[in-house]
Amino acid sequence: DIRGVIFDLDGVLTDTAEYHYLGWQKLADEEGLPFNRLANEDLRGVSRRESLLKIVGNKQYSEAQLQEMMDRKNRYYVDFIQTMRPGNVLPGTIALLDELKEAGIKIALGSASKNAQTVIEKLGIADRIDVVADGYSVQQPKPAPDLFLFAAQQLGLKPEQCVVVEDAAAGIEAALAAGMLAIGLGPTERVGAAHVVLPNLAGVHWTELREKLSSDQ
Ligand code: BG6
Ligand code: MG
């Protein structure tokens with residue numbers, strides 16, 4: 001029986017991808033590194049360090065330089081998210097969170113981001129979330145299962161009692177590695193490995209979702 005739902009944040013509950021993109025683009029421009037929107041697509045769900053390493057490619061930087069660049073990009077990102085408001089929650093999110101609470105299903109956040117707490121506060125959904133697993137919670141980033149296993153443990157649930165909602169290939173991989181059910185949001189080319197694939201959470205109801213998940217098993 002499903003007892004908990006673990007939501008990714010960026011690209012699932014809100015669309016912060018544009019802000020991450022703008023931050024990386026500014027940094028890349030300053031460093032003279034080739035980068036564009038298309039290249040940014042490969043960074044969906046990818047940790048800050050892995051994202052930077054993809055952008056720098058073969059160019060050699062010291063650890064101190066990499067650290068400075070990660071800090072700089074994060075300052076740009078943090079500036080961008082200051083403007084976020086409750087209206088930036090993606091359609092369907094609030095209704096689904098309410099239905100889950102009503103049904104007695106526990107809710108966790110499972111985000112790679114170190115800014116997750118700030119973002120859910122800006123969005124005004126922090127009090128709807130029982131447990132936050134974020135960029136500070138574990139060492140190994142997605143696609144390792146660690147973050148989702150940590151979230152389940154914090155919820156007091158077994159992996160098989162949890163469903164993960166993700167928009168990134170690495171996130172679906174992490175959920176499956178954790179032995180959890182996975183709902184993928186987006187194109188099948190990206191999230192097709194999930195048990196259930198949906199375009200987004202708009203108009204999605206828990207009763208129907210539960211049906212789809214159980215018929216897949
Ligand atoms: C993920 C985003 O949720 O968090 C990535 O999809 C981002 O784009 C990663 O790089 C890490 O976020 P942050 O805020 O710690 O740099
Ligand atoms: Mg995501």
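Everything below is about the structure shown above.
Residues numbered from 1 in each chain as written. Chains lettered and ligands numbered in written order. Predicted model: local features only at pLDDT ≥ 70, side-chain atom pairs only at ≥ 80, totals over all residues. Heavy atoms only, no water.

(A) Region of interest: empty space enclosed by the protein. If you walk through the whole model with that rule in mind, you get one cavity of 30 Å³ or more. Space inside the largest cavity adds up to approximately 40 Å³. In this structure, the largest cavity is lined by Val5, Phe7, Leu96, Leu100, Val163, Val165, Ile183, Trp206 and Leu209. Only β1 (4-7), α5 (93-102), β4 (162-166) and α10 (206-216) provide two or more residues apiece to the lining of the largest cavity. (1 Å grid on protein atoms, 1.4 Å probe; cavity = no way out; pocket = protein on both sides within 12 Å on 5 of 7 lines; lining within 4 Å. Points joined across faces, edges and corners; volume = space filled by probe spheres on them. Helix = DSSP H or I, 4+ residues; strand = E, 2+ residues; numbered from the N terminus.)

(B) How the structure looks around the layout of surface pockets. Quantified by volume, the largest pocket comes out at close to 840 Å³. Taken together, 41 residues make up the lining of the largest pocket; nearest its centre are Val46, Ser47, Arg48, Ala112 and Ser113. Secondary structure elements with two or more residues in the lining of the largest pocket: α1 (17-31), α2 (37-41), α3 (48-56) and α4 (63-81). The residue makeup of the lining of the largest pocket, split by class, is ten nonpolar, 15 polar and 16 charged. The volume enclosed by the second largest pocket comes to roughly 180 Å³. In terms of lining residues, the second largest pocket is bounded by 15 residues, among which Gly11, Val12, Leu90, Pro199 and Asn200 are the most central. Broken down by class, the residue content of the lining of the second largest pocket amounts to eight nonpolar, three polar and four charged. (Nonpolar A, V, L, I, M, F, W, Y, C, P; charged D, E, K, R; others polar.)

Distances and angles like these do not, on their own, reveal function.
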